[in-house]
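Chain and residue survey
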Amino acid sequence: MLISGMGFVLSAITHLAALAGQIDAIEMHLPQDALGLFTSVMSLGIFAVWMPAALIAQRINNGNRLHFSWRKVLAGCPAWMRNNAYGLFAYAIVNFFLGIGGGMAESQHGMRLFSGHWMLFYGMAFCIFFSRSNPSTMTSVRHCPGGHEIGHDDAFCPVCGLPAARDDRDG
């Protein structure tokens, strides 16, 4: 969780610098190839945080890829964090399309696109880790009266057809 949080902060700072057109000015004050090394480390770091985050998200969804629910994955996050995660996803899409339109210096352009994606992956990974550390009723396992595992939105058990009545065991 710490690496994803630090990655998000660094990517947000880099993104703001790219938007302000300050990447070239920053690069002048750094040792040779430092910006290239930073870009490589941040890009590879996404895999270090995203692989476990994706596995956690799949586990929260009980491995159900057809009915994947971000609402369920982010259920342990406060509302402001969930809303910011959704907003970050929308911003990454908009930033991508605005970024490929050009209008910036080449180094600014590339760093804007990279850092926009870094923010998305590091930010979403942080939210997934945070949600997992704060379990809610959405992440707990729910059972029908017959003992079969059911989804939180199910009104009836898909196995036996019994009504999925809520009780204290179900959370």
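Residues numbered from 1 in each chain as written. Predicted model: local features only at pLDDT ≥ 70, side-chain atom pairs only at ≥ 80, totals over all residues. Heavy atoms only, no water.

**Some words on the overall build of the chain**
For clarity, the threshold we go by: By the criteria applied, helices consist of DSSP H or I runs no shorter than four residues and strands consist of E runs no shorter than two, each listed in order from the N terminus. In this scheme, a residue with accessible area under 20% of its type's maximum is buried, one over 50% is exposed, and one in between is partly exposed, where area comes from a 1.4 Å probe on protein chains only.
Tallying secondary structure elements over the chain gives six helices and two strands in all. Helices and strands in the chain line up, N terminus first, as α-α-α-α-α-α-β-β. Of all 171 residues assigned to the chain, the portion counted as buried reaches 34%.

**Brief notes about the packing of helix 1 (residues 2-19) against helix 3 (residues 34-60)**
When two helices pack together, their arrangement is captured by the angle between the axes and the distance separating the axes. The condition is simple: Every axis corresponds to a line fitted to the C-alpha atoms, with the helix fit spanning only the stretch in contact, and the corresponding angles, defined between N-to-C directions, vary from 0 to 180 degrees. Angle categories are assigned with fixed cut-offs, so that under 35 degrees is roughly parallel, over 145 is roughly antiparallel, 65 to 115 is roughly perpendicular, and the rest are oblique. For a crossing to be left-handed, the near helix must be turned anticlockwise from the far one by less than a right angle; the clockwise case is right-handed. Note on contacts: a residue pair is in contact if any heavy atoms of the two residues lie within 4.5 Å.
Contact geometry for helix 1 and helix 3: axes closest at 11 Å, N-to-C directions at 140 degrees. One way to sum up the angle between helix 1 and helix 3 is to call them oblique. The element helix 1 and its partner helix 3 pack so that their crossing is left-handed. Contacts between helix 1 and helix 3 involve Ile3, Ser4, Gly7, Leu10, Ser11 and Thr14 from the first element and Phe38, Met42 and Val49 from the second.

**Quick look at the packing of aromatic side chains**
Let me state the cut-off plainly: Only Phe, Tyr and Trp rings are paired, with Trp represented by its six-membered ring, and only when their centres lie within 6.5 Å; those with planes under 30 degrees apart are stacked, over 60 edge-to-face, the remainder tilted.
Tallied over the entire structure, the rule returns six aromatic pairs. A ring pair is formed by Phe114 and Trp118, whose centres lie 6.1 Å apart and whose planes are at 25 degrees; its orientation type is stacked. Taken as a pair, Phe114 and Trp118 lie in helix 6 (residues 106-133) at a separation of four residues, close to a single helical turn. Assessed through its relative accessible area of 1%, Trp118 is described here as buried. One aromatic cluster is present, built from ring pairs that chain together Phe38, Phe114 and Trp118.

**Topic: the confidence of the model for the chain**
One rule of thumb: low pLDDT means the predicted coordinates there are not for detailed reading. To keep it simple, the criterion reads: For every residue, the predictor assigns a confidence score, pLDDT, that lies between 0 and 100.
When the pLDDT values of the chain are averaged, the result is 84; 88% of them are 70 or greater. Model confidence for the chain, summarised as mean pLDDT per element, is weakest for strand 1 (residues 142-143) at 78 and strongest for helix 1 at 93. Across residues 167-171 the pLDDT falls below 50, and counting only partners more than four positions away or on other chains, this stretch makes five contacts in the model.

**Considerations on the side chain of Lys72**
The condition is simple: Any pair of N or O atoms that falls within 3.5 Å is considered a polar contact. Within protein, one atom must be able to donate a hydrogen and the other to accept it, and sequence-neighbouring residues count only if both atoms are side-chain atoms.
By the secondary structure assignment, Lys72 is in helix 4 (residues 70-73). Separated by 3.3 Å, the side chain of Lys72 and the backbone oxygen of Ile60 make a polar contact.

**A word on the environment of Val49**
By the element assignment, Val49 lies in helix 3. Take Val49: its relative accessible area is 4%, and that puts it in the buried class. Put simply, Val49 and Ile3 are 46 residues apart on the chain and 7.3 Å apart in space, counted from C-alpha to C-alpha.

**With respect to unusual backbone geometry**
In this model, Asp33 sits at a positive phi of 65 degrees, which is unusual for a non-glycine residue. Examined against the element boundaries, Asp33 turns out to sit in the loop between helix 2 (23-28) and helix 3. A relative accessible area of 60% means that Asp33 is categorised as exposed.

**Some details on the side chain of His15**
Note on placement: His15 falls in helix 1. A residue is classified by how much of its surface remains accessible, and His15, at 2% relative accessible area, is buried. Not counting the four nearest positions on each side in its chain, His15 is found in contact with Tyr91, Asn95, Arg112, Ser115, Gly116 and Met119.

**Overview of the state of the cysteines**
The test is simple: For this text, the term disulfide refers to a pair of cysteine sulfurs within 2.5 Å.
Enumeration over the complete set of coordinates arrives at zero disulfides. Counting only cysteine sulfurs, Cys157 is the nearest neighbor of Cys144, a cysteine outside any disulfide, at a range of 3.6 Å. Residue Cys144 is classed as buried on the basis of its relative accessible area, which comes to 1%. This cysteine, Cys157, is not joined by any disulfide, and Cys160 carries the nearest cysteine sulfur, 3.6 Å off.

**Topic: a nonpolar patch on the surface**
Test applied: The patches described consist of residues with a relative accessible area above 30% and no salt bridge, like charges being joined within 9 Å and nonpolar side chains (Val, Leu, Ile, Met, Phe, Trp, Tyr) within 5 Å. Accessible surface is estimated by sampling points in the Shrake-Rupley manner with a 1.4 Å probe; for residues, cover comes only from the protein chains shown. By convention in these notes, a salt bridge is any Lys or Arg side-chain nitrogen within 4 Å of a carboxyl oxygen on Asp or Glu.
Among the surface-exposed residues, Phe89, Ile93, Phe96, Phe97 and Ile100 lie close enough to one another that they form a single nonpolar patch of about 490 Å² accessible area. Assignment of secondary structure puts Phe89 in helix 5 (residues 79-100).

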